[in-house]
Amino acid sequence: MASPTDVLNLTNSNLEQYLSSLSSSPSTLLLLNSPSTIAKYIKDNKISHVLFDCDGVIYRSSTPTSPTLIPTLRKLEKSLSISIGFVTNSSGKSRLACMEKMVQVTGLDDTFRLEAFFPAGYAAARYLKEVHPTVKKAFVIGGEGLVEELENVGIECLGGPANCHGANANANANANANGSGYDFSVDEKQLEELEFDKDVGAVVIGMAKDFNYRMLTLATTYLTSNEMNSKNIQFVSTNLDPFDVIGPKSRRQPAAGCMVKAVEFAVGRESVTVGKPSEFLWDVVRKELEGENANANANGNLKLNLNLQPENVLMVGDRIDTDIRFGKNCGFKTAVVLSGCTTGEELAKMEREGAEELPDVVIPHMGLFATRMGILI
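Now for a description of the structure that goes with this document. All residue numbers here refer to positions counted from 1 along the written sequence of the relevant chain. Where totals are concerned, whole chains, interfaces and linings use all residues; where local detail is concerned, this predicted model gives features only for residues with pLDDT of at least 70, and gives and counts side-chain atom pairs only at 80 or more. Computation of side-chain values covers all heavy atoms of the structure but excludes hydrogens and water.

### Digging into the pattern of salt bridges
Right, so step 1: We count a salt bridge whenever a side-chain nitrogen from Lys or Arg sits within 4 Å of a carboxyl oxygen from Asp or Glu. Under the definition given, this model contains 16 salt bridges.
Right, so step 2: Across the pair Glu353 and Lys349 runs a salt bridge whose closest N-O atoms are separated by 2.8 Å.
Right, so step 3: The exposure class assigned to Glu353 is exposed, which follows from its relative accessible area of 54%.
Right, so step 4: Each of Arg95, Arg126, Glu130, Lys287 and Glu288 takes part in a single network of salt bridges with overlapping partners. The cut-offs for exposure are 20% and 50% of the maximum accessible area for each residue type, with area from a 1.4 Å probe on protein chains only; residues under the lower value are buried, those over the upper are exposed, and the others partly exposed.

### Looking at unusual backbone geometry
Right, so step 1: At the junction of Lys276 and Pro277, the peptide bond is cis and its omega measures out at 10 degrees in the coordinates.
Right, so step 2: You will see that Lys46, though not glycine, has its phi angle at about 55 degrees, which is positive.
Right, so step 3: A run of H or I in DSSP counts as a helix once it spans at least four residues, and a run of E counts as a strand once it spans at least two, with each numbered from the N terminus. Looking at the element boundaries, Lys46 is found in the loop between helix H2 (35–44) and strand S2 (49–52).
Right, so step 4: Positive phi values are uncommon outside glycine, yet Ser61 reaches one of about 60 degrees.
Right, so step 5: With respect to the helices, strands and loops of the structure, Ser61 is situated in the loop between strand S3 (59–60) and strand S4 (63–64).
Right, so step 6: Of the residues examined, Ser61 reaches a relative accessible area of 23% and is grouped as partly exposed.

### Overview of the pairing of strand S14 (residues 313–317)
Right, so step 1: The element S14 is extensively covered by neighbouring structure, given that five of its five residues are classed as buried.
Right, so step 2: What you see with S14 is no split at all: Val313, Met315 and Gly317 on one side and Leu314 and Val316 on the other are buried throughout.
Right, so step 3: The criterion for strand pairing is that DSSP finds at least two bridges linking the strands in question. Summarising the sheet, S14 and strand S15 (residues 333–336) pair through four bridges and their orientation is parallel. Within S15, the position partnered with Leu314 by the bridge is Lys333.
Right, so step 4: For the crossover that starts at S14, traverses helix H12 (residues 320–330) and ends in the parallel S15, the hand is right-handed. When the strands point away from the viewer and the connection leading from the first strand across the helix to the second strand turns clockwise, the crossover is called right-handed.

### Some thoughts on the packing of helix H5 (residues 120–131) against helix H6 (residues 144–152)
Right, so step 1: Between the N-to-C directions of two axes lies an angle of 0 to 180 degrees, each axis being a line fitted to C-alpha atoms and, for a helix, fitted only over the stretch in contact. Running from N to C, H5 and H6 point in directions that differ by 30 degrees, and their axes come no closer than 8 Å. With respect to each other, H5 and H6 are oriented roughly parallel. Viewed along their axes, H5 and H6 form a crossing whose handedness is right-handed. Here Gly121, Tyr122, Ala124, Ala125 and Leu128 of H5 lie close against H6, whose contacting residues are Leu146, Glu149 and Leu150.
Right, so step 2: Note on residue categories: nonpolar means Ala, Val, Leu, Ile, Met, Phe, Trp, Tyr, Cys or Pro, charged means Asp, Glu, Lys or Arg, and polar means any other residue, Gly included. Tallied by class, the residues present in the contact of H5 with H6 amount to six nonpolar, one polar and one charged. Should an angle lie under 35 degrees it is considered roughly parallel, over 145 roughly antiparallel, and from 65 to 115 roughly perpendicular; all remaining angles are considered oblique. What makes a crossing left-handed is the near helix being turned counterclockwise from the far one by less than a right angle; a clockwise turn instead makes it right-handed. Whether two residues are in contact is decided by their heavy atoms, any of which lying within 4.5 Å being enough.

### With respect to the sheet that holds S15
Right, so step 1: The seven strands lie next to each other as S1-S16-S15-S14-S2-S5-S6, forming an open sheet whose pairing is parallel. The outermost strands of the open sheet, each flanked by one partner alone, are strand S1 (30–31) and strand S6 (117–119).
Right, so step 2: Examined bridge by bridge, S2 and strand S5 (residues 83–88) share four bridges and lie parallel to one another. Bridge pairing links Leu51 to Gly85 in S5.
Right, so step 3: Lying on the sheet, H5 is in contact with S5 and S6; it crosses S6 at an angle near 80 degrees.
Right, so step 4: The sheet strands contacting H12 are S2, S5, S14 and S15, and the helix crosses S15 at an angle near 160 degrees.

This is how it looks when you write it as structure tokens:
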């Protein structure tokens with residue numbers, strides 16, 4: 001298993017690639033390569049809230065991205081000058097599971113608040129509850145966390161992972177109802193005989209490591225069948241990430257966007273995406289932070305800052321197409337790290353080509369937010 005030092009070495013290699021690739025032309029991006037430069041940037045830009053992506057920023061798989069990550073998070077969470085939150089497109093985990101993983105990775109079991117975590121599955125549940133409150137049942141392609149968040153807002157779920165709702169290896173008799181089981185095929189006769197739940201009001205798709213042809217067929221039929229009044233069925237996706245980068249060998253794992261695009265292609269219809277880079281996710285974060293701030297203010301807690309203007313928010317992520325685009329869409333300041341999906345060579349290439357969605361600053365890794373002597377912001 002990789003160590004934080006191993007991940008840091010990969011990050012430093014990315015930084016060297018980035019700097020060497022720009023050796024013939026000056027960089028247009030501000031490089032914040034020390035705690036003091038980060039502190040100055042946060043102070044000068046009146047940053048009151050920092051939103052972090054998780055995988056690739058806080059950890060890679062289950063490994064912290066820096067040997068100084070743990071004291072960094074501890075100090076950030078206790079800071080009186082800024083508040084932090086975690087926005088992740090990891091739809092397979094619920095809010096609780098996201099917090100539990102953070103505790104597992106860092107060992108900080110008394111540091112994090114559940115209300116600081118905003119996974120894409122939580123955003124999907126909030127979207128249906130707030131925008132389409134009449135939806136009471138959904139067909140789901142995704143993980144247990146997505147199912148859990150939908151059920152938390154009163155939406156009954158069909159589908160989900162193979163082990164949800166009592167499904168198991170012997171559940172082929174029920175496979176036509178939930179898309180799981182070992183028999184993933186659907187021939188023409190079976191398609192004609194499939195029975196569908198006419199109370200389903202939405203198809204929701206996230207990351208599904210057990211994605212199969214039967215799930216694809218069921219989702220397609222719910223969204224196109226005349227007998228289902230399919231035009232009134234909501235089509236929601238948690239995110240469109242094409243891949244995740246896994247482990248020290250940086251291997252690509254197909255992500256939720258692959259499942260979503262398969263269904264979109266089959267039905268000829270685009271889904272409503274509610275995770276990054278959707279502005280709806282910021283609506284969710286902002287409303288909850290404002291609620292927290294109001295409660296904290298009433299109780300005399302001065303930690304939380306009531307200034308929730310987008311220009312006072314810094315989004316820190318490892319992906320240009322989701323994290324940085326999310327920040328740009330919402331009007332935040334943006335910072336890319338080099339500990340995840342975006343390599344130094346890729347960032348330099350985008351900069352040379354004048355890409356529209358470049359970040360405002362480059363912060364090589366999370367550990368630079370703090371020193372061994374304590375937080376500098």
